[in-house]
Amino acid sequence: MRASRTIMIAVTAGLLTAAPVTVASASASASADTVAPATGGELGWGPTYAPGKRAVAKGTLTSSGLNKARIPATSTVAVKGRVTDLTKGQGCGWAVFRISYRTNDGNVPFKHRSYLDCSRGTPRAFAFTDRNVALVELKVCSEGRASRPSDVCLYAGTWKILYSSL
């Protein structure tokens, strides 16, 4: 009995050590066609839909200048795309990006970039570039017109990983 406890602890410790790699690998393999390689190149992402298919976003992501000397590794990321409102009422489509980046003091905070389209069926183009990026995630929401996405859009549900240098 004691040997099995020891083995279980060793296995548990092994899983805990491997958990971040396993989680990242699972995310990457589950959406291998949408996670941009950290080594550079352009990758198409989407279409990604809001719940109920009330909005959609798709585009490309290009990563360049991977800096492996920093922890976490970072690169310059350029995202281009379109968000389209698909509602029949007064709703709007949001493409919200959560970008985790490395600061000069070594912290890794995140910021949001949000793009709104309220013209049913007519896509709105967007593009942005950020440096020292470690992770780019996307969420598509459908809500009423506002100056920024709601907290429900930002914090409920799951973010889709588009790029990870980890």
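Keep in mind it's a predicted model, so treat the numbers as computed, not measured. (Residues numbered from 1 in each chain as written. Predicted model: local features only at pLDDT ≥ 70, side-chain atom pairs only at ≥ 80, totals over all residues. Heavy atoms only, no water.)

**Some details on the side chain of Asp-117**
Of note, Asp-117 is situated in strand 5 (residues 110-117). For the buried Asp-117, no salt bridge is present, and the opposite-charge side chain at shortest range is Arg-124, 6.7 Å distant. Within the local environment of Asp-117, its side chain forms a polar contact with the side chain of Ser-119, the two groups lying 2.8 Å apart. Those residues in contact with Asp-117, other than ones at most four positions away along the chain, are Val-83, Thr-84, Asp-85, Cys-92, Gly-93, Thr-122, Pro-123 and Arg-124. (Helix = DSSP H or I, 4+ residues; strand = E, 2+ residues; numbered from the N terminus. Buried < 20%, exposed > 50% of the residue type's maximum accessible area, 1.4 Å probe, protein only. Lys, Arg positive; Asp, Glu negative; His and termini not counted. Salt bridge = Lys/Arg side-chain N within 4 Å of Asp/Glu carboxyl O. Polar contact = N/O pair within 3.5 Å; in protein donor to acceptor, adjacent residues only side chain to side chain. Contact = heavy atoms within 4.5 Å.)

**A look at the pattern of salt bridges**
Per the stated rule, a full pass over the model turns up four salt bridges. Linking Asp-130 and Lys-111 is a salt bridge whose minimum nitrogen-to-oxygen distance equals 2.8 Å. With Asp-130 in strand 6 (residues 124-144) and Lys-111 in strand 5, this pair connects stretches of sequence that are 19 residues apart. For the salt bridge of Asp-151 with Arg-148, the shortest nitrogen-to-oxygen distance reads 3.3 Å. Among the residues examined, Asp-151 registers a relative accessible area of 45% and is labelled partly exposed. Taking the relative accessible area as the measure of exposure, Arg-148 reaches 47% and is therefore partly exposed. Connected through salt bridges with shared partners, the residues Lys-111, Arg-113 and Asp-130 form a single ionic network.

**Focus on the nonpolar core**
Of all hydrophobic cores here, the largest spans 20 residues; its most connected members are Trp-45, Leu-61, Val-79, Phe-97, Phe-126 and Val-136. Of all the secondary structure elements, the ones that give two or more residues to this core are strand 2 (55-67), strand 3 (74-85), strand 4 (91-101), strand 6 and strand 7 (160-164). With six residues, strand 6 is the single largest residue contributor to this core. Those residues in contact with Phe-126, other than ones at most four positions away along the chain, are Trp-45, Val-79, Lys-80, Gly-81, Arg-82, Val-83, Ala-95, Phe-97 and Tyr-115. Core analysis: the next-biggest nonpolar cluster, separate from the first, contains eight residues, Cys-92, Val-96, Leu-116 and Cys-141 among them. (Core = buried A, V, L, I, M, F, W, Y, C linked by side-chain atoms within 4.5 Å.)

**Re the state of the cysteines**
Counting across every chain of the model gives two disulfides. Residue pairing for Cys-92: its cysteine sulfur links by disulfide to Cys-118, the two sulfurs lying 1.9 Å apart. A torsion of 105° about the S-S bond marks the disulfide between Cys-92 and Cys-118 as right-handed. With Cys-92 in strand 4 and Cys-118 in the loop between strand 5 and strand 6, this residue pair connects regions lying 26 residues apart in the sequence. A residue is classified by how much of its surface remains accessible, and Cys-118, at 23% relative accessible area, is partly exposed. Each sulfur of the disulfide joining Cys-141 and Cys-153 lies 2.0 Å from the other. Disulfide Cys-141 to Cys-153: torsion about the S-S bond roughly 90°, handedness right-handed. (Disulfide = S-S within 2.5 Å.)

**Quick look at the confidence of the model for the protein**
Predicted confidence across the protein gives a mean pLDDT of 80, with 76% of residues reaching 70 or more. Residue range residues 1-34 is modelled with pLDDT below 50. Its contacts to residues more than four positions away, or to other chains, number 10 contacts. (pLDDT = per-residue confidence, 0-100.)

**Re the environment of Trp-159**
For Trp-159, the position within the fold is in the loop between helix 2 (151-155) and strand 7. Along the backbone, Trp-159 and Val-136 are 23 residues apart, and their C-alpha atoms lie at a distance of 9.5 Å. Those residues within four positions of Trp-159 in sequence are excluded, and the remaining contacts are Val-96, Phe-97, Arg-98, His-112, Glu-137, Leu-138, Lys-139 and Leu-154. Separated by 3.4 Å, the side chain of Trp-159 and the backbone oxygen of Leu-154 make a polar contact.

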